[in-house]
Amino acid sequence: MCLAIPMKVVKIDGDQGMVAAGGLTRKANFILMKDIKPGDYVLLHAGFAIAKVKPEEARQTIKLIREL
Amino acid sequence: MDRITLGHGSGGRQMHKLIDSLFLKAFSNPILNQKRDSAVLNIGNKKIAFTTDSYVVDPIFFPGGDIGSLAIYGTVNDLSVCGARALYISVGAVIEEGLDGSVLERIVRSMAEAAKKAGVRIVTGDTKVVEKGSCDRIFINTSGIGEVYYEGLSTDKIAPGDSVIVSGPVGDHAISVLSKREGIEFGTIVRSDSAPLDKLIWKVLRSSKKVRFMRDPTRGGLATTLNEIALGAKSGIAIEERDVPVRPPVRQACELLGLDPLYLACEGRVIIIAAKEDGPRILKTLGADKAGRGAKIIGSVTGDRSARVYLNTIAGGKRIIDMLSGEQLPRIC
Amino acid sequence: MKYIDEFRSRALTSRLISRIRSVADEGREYRYMEVCGTHTMAIFKYGLRELLPRNIRLISGPGCPVCVTPLEYLDRAIAIAGLPKVIITTFGDMLRVPGSSSTLENERAGGKHIKVVYSTDDALDIANRNTDKEVVFLGVGFETTVPTVAASIMSAAKQGIHNYSVLCAHKTMPEALGAIMAHRDARIDGFLLPGHVSAITGMKPYGFLAKRYGAGCVAAGFEPVDMLQAILMLMEQKRPIVEVQYKRIVDPLGNRLARKAIEKVFEKSSSEWRGIGKLKNSGLRIRKEFSRFDASLKFRVKTVRPREDKSCICGAVLKGIKTPVDCKLFGKKCTPADPVGSCMVSSEGTCAAYYKYGRR
């Protein structure tokens, strides 16, 4: 359930904005998020940003596995 | 027999079952039973390829093409993959009452242009108009004949170790049509790969005498077509997920909509099975032509007689890829 | 694709696999349930089962909304589609789910107005552009999707859109997991919790699974590296606890704004899970103050309580007690093209995934 993918915020104006990834752009609804700015990555589900991607955590996860 | 559903027309397992259990049984003859994209006929001392296809695409206009050019290229390609030079084409149009005249004009012009581009002549035709609701705006059937210039293409020739080559990135056509039909906008326009393959295939067949078999991965996509080839050859095929070319926007759209690019239809791509030693040469020939840019060797024919298609996944796992069951739908879950 | 491709890296998956192999105790069986249908799909898509030691058993859970939506809901949606001036809007997932006698796809082919949308925003747009029509959105899904539906209802209320309504069959995850653990045949050592549901709910609602039932819990992402790491984390737990593997997305506190949207529009109710039965407090219904957006109140249609095929074992499959290959209908009378039970219907359903990606 719940297909969602990380996309980069390119524009945000109130609740509405645009996200992009892999040469594709799409409009996105930001009403369920706060403190989002262009350049952030968000998790997009059914046209809505539902979570912010934490780059530091992503790096940590990979680092941890590399050190196994 | 059960009622016919849309699934019977989606190019996958259901359609094959229908063809085998009904049409092939009733019409059975040595030529039909080969189940080629075109029938190859001996007429006088000439070998003639003959094929037919109907086009019911919705929407009728999409980025990179329309039902008219698709109907010409599709038939040209079915002849080309059998090693034939397409010569003459027939056009049958079933038109829904109420269709805008300018729409029809646009389609007909597009067909004329496509025929010119592919070097074929439209030499006979038929027009029917049906009551509103009896068809969806316009359905087009085209049949074509061509002269065979390269003999011996057959799944029987496929041998273990042969290379599996795809002539370019997959899925562009399906994503183009899907985003238009379902009104899903991506900002970027994904254009269909709809194109005639006659010249590209001619070049390939001139560069190598060790091409075993070719087929264009239309409905059901790469996965379904590879399954057809594996069944015909009675041999397994293994492909590498990381080598399958998919353009970034198509990949992204697949991630977004939960689609598998292996099952997306192409209208301007060909799968080539050839002897391993000729693989690099064919790849070079393909890459030198605009229509073959992005071509890749994606796998090989295995020694086992399973007639299964295996995918070595990017994560290092292995799975069987089956034919399509019912057309893929965008999903969020 | 950033934050996707690096989590599909073969270098990382092979590292995790060898670690899992070295940690695995040959003398025991590890039974883990991947809760989410997207997990099930990914496990098959990347061939992860083949990579894992044989004594690690992955059991597919109830997290496929299409699979657990009762037949009667489909019948109701199809009946509403038959009313004059109605446009049904739905995620593509629901299009092929068979009701008692038809599917939305069939009805669409027959001329009914049924549109696939990617977002509730698209459904609202359709309502705005067709003010002479009634636009009904099929609200199916778990905590990840519910806030987007809540937002659409709040937005319709705010903009005064009167021709939009939702046929609600939303469900919540923790209660279903509790019901599975409470079952006497349940043998689950741990859960790969749904990462995207957890991004909304946070981790608190799952605490009881570890405490009361002794099941380890790890909220997992959906890429191969995520799932393998989550399995390793479950194996390495000294005692059952609730942890997060999917740290780049899941805040242990969840998304408060999204939860507020859910609470504003919906309230807890009991809910029927296809194959499992009625579970208390496992569903959501639209609150009274938004009842004008409730399609089940707006459109009175009659449906007959449908009968399921008796030999179908989807219920046991959804609970993780049986696997699809235990079913005598599987691959014979029941295929993705002609499904009998709920788990064959959605491509992420356990049976469909088994069928499509090979069986083991």
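Structure: above.
I will try to describe carefully the structure that is included in this document. Keep in mind that what you see is a predicted model, and the values were worked out from it rather than measured.

## Side note on the interface of chain A and chain B
- Residue-level contacts link 15 residues of chain A with 16 residues of chain B.
- For the pair chain A and chain B, the summed buried area comes to about 1200 Å², and 65% of that belongs to carbon and sulfur atoms.
- It is Leu3, Ile5 and Leu24 of chain A that lose the most area in chain A upon contact with chain B, and together they represent 47% of the buried surface on that side.
- Counting across the chain A and chain B interface gives 0 salt bridges.
- In this structure, the connection of chain A to chain B is made through 0 residue pairs in polar contact (both at pLDDT 80 or more).
- Mapped onto the side of chain A that touches chain B, the elements with two or more residues apiece are strand E1 (5-13), strand E3 (24-29) and strand E4 (41-45) of chain A.
- Along the lines of polarity and charge, the residues of the side of chain A that touches chain B split into 10 nonpolar, 4 polar and 1 charged.

## Some words on empty space enclosed by the protein
- Evaluated as defined, the whole model comprises 3 cavities of 30 Å³ or more.
- The volume enclosed by the largest cavity comes to roughly 70 Å³.
- Around the largest cavity, the lining residues are Cys312, Ile313, Cys314, Val317, Cys327, Leu329, Phe330, Cys334, Gly341 and Cys351 of chain C.
- Here the lining of the largest cavity is composed, by residue class, of 9 nonpolar, 1 polar and no charged.
- Contributing to the lining of the second largest cavity are Cys333 of chain B together with Pro65, Val66, Phe91, Asp93, Met94, Leu138 and Val140 of chain C.
- By residue class, the composition of the lining of the second largest cavity is 7 nonpolar, no polar and 1 charged.

## Section: the packing of helix H2 (residues 67-80) of chain B against helix H3 (residues 101-118) of chain B
Residue and element names in this part refer to chain B.
- Contact pair H2 / H3: the axes reach a minimum separation of 7 Å and the direction vectors enclose 30°. With respect to each other, H2 and H3 are oriented roughly parallel. For H2 against H3, the interelement crossing comes out right-handed. Of H3, the residues touching H2 (which contributes Ile67, Gly68, Ser69, Ala71, Ile72, Tyr73 and Val76) are Ile107, Ser110, Met111, Ala114, Ala115, Lys117 and Ala118.
- Split by residue class, the contact of H2 with H3 holds 10 nonpolar, 3 polar and 1 charged.

## Some thoughts on a nonpolar patch on the surface
Residues and elements named next belong to chain B.
- Residues Leu22, Phe23, Phe27 and Leu32 make up a contiguous nonpolar surface patch of about 350 Å² in total accessible area.
- Relative to the assigned elements, Phe27 resides in helix H1 (residues 13-27).
- A relative accessible area of 51% places Phe27 in the exposed class.

## Observations concerning the packing of aromatic side chains
- Using the criterion set out here, one finds 9 aromatic pairs over all chains in the structure.
- For the ring pair Phe23 of chain B and Phe27 of chain B, a centre distance of 6.0 Å and an interplane angle of 45° mean the geometry is tilted. Here the residue Phe23 of chain B and the residue Phe27 of chain B both occupy positions in helix H1, the gap between them amounting to 4 residues, near one helical turn.
- The partly exposed category is assigned to Phe23 of chain B, whose relative accessible area is 37%.
- Here Phe91 of chain C and Phe137 of chain C contribute two aromatic rings whose centre-to-centre distance is 5.2 Å and whose plane-to-plane angle is 85°, an arrangement assigned as edge-to-face. With Phe91 of chain C in the loop between strand E3 (86-90) and helix H6 (104-109) and Phe137 of chain C in strand E5 (residues 134-139), this residue pair connects regions lying 46 residues apart in the sequence.
- In this structure Phe91 of chain C comes out as buried when scored by relative accessible area, which is 3%.
- Residue class for Phe137 of chain C comes out buried when judged on its relative accessible area of 0%.
- Sitting over the face of the ring of Tyr310 of chain B, Lys318 of chain B holds its NZ or CZ atom 4.8 Å from the ring centroid.
- Between the NZ or CZ atom of Lys171 of chain C and the centre of the ring of Trp273 of chain C, over which it lies, the distance is 5.8 Å.

Rules used throughout
Residues numbered from 1 in each chain as written. Chains lettered and ligands numbered in written order. Predicted model: local features only at pLDDT ≥ 70, side-chain atom pairs only at ≥ 80, totals over all residues. Heavy atoms only, no water. Contact = heavy atoms within 4.5 Å. Buried area = accessible area lost by both parts, 1.4 Å probe. Salt bridge = Lys/Arg side-chain N within 4 Å of Asp/Glu carboxyl O. Polar contact = N/O pair within 3.5 Å; in protein donor to acceptor, adjacent residues only side chain to side chain. Helix = DSSP H or I, 4+ residues; strand = E, 2+ residues; numbered from the N terminus. Nonpolar A, V, L, I, M, F, W, Y, C, P; charged D, E, K, R; others polar. 1 Å grid on protein atoms, 1.4 Å probe; cavity = no way out; pocket = protein on both sides within 12 Å on 5 of 7 lines; lining within 4 Å. Points joined across faces, edges and corners; volume = space filled by probe spheres on them. Axes fitted to C-alpha atoms, helices over the stretch in contact; angles between N-to-C directions. Parallel < 35°, antiparallel > 145°, perpendicular 65-115°, else oblique. Left-handed = near helix turned anticlockwise from the far one by under 90°. Patch = residues over 30% accessible without salt bridge, like charges linked within 9 Å, V, L, I, M, F, W, Y side chains within 5 Å. Areas by Shrake-Rupley, 256 points an atom, 1.4 Å probe, with all protein chains shown as cover. Buried < 20%, exposed > 50% of the residue type's maximum accessible area, 1.4 Å probe, protein only. Phe/Tyr/Trp six-rings, centres within 6.5 Å; stacked < 30°, edge-to-face > 60°. Lys NZ or Arg CZ within 6 Å of the ring centre and 35° of its normal.

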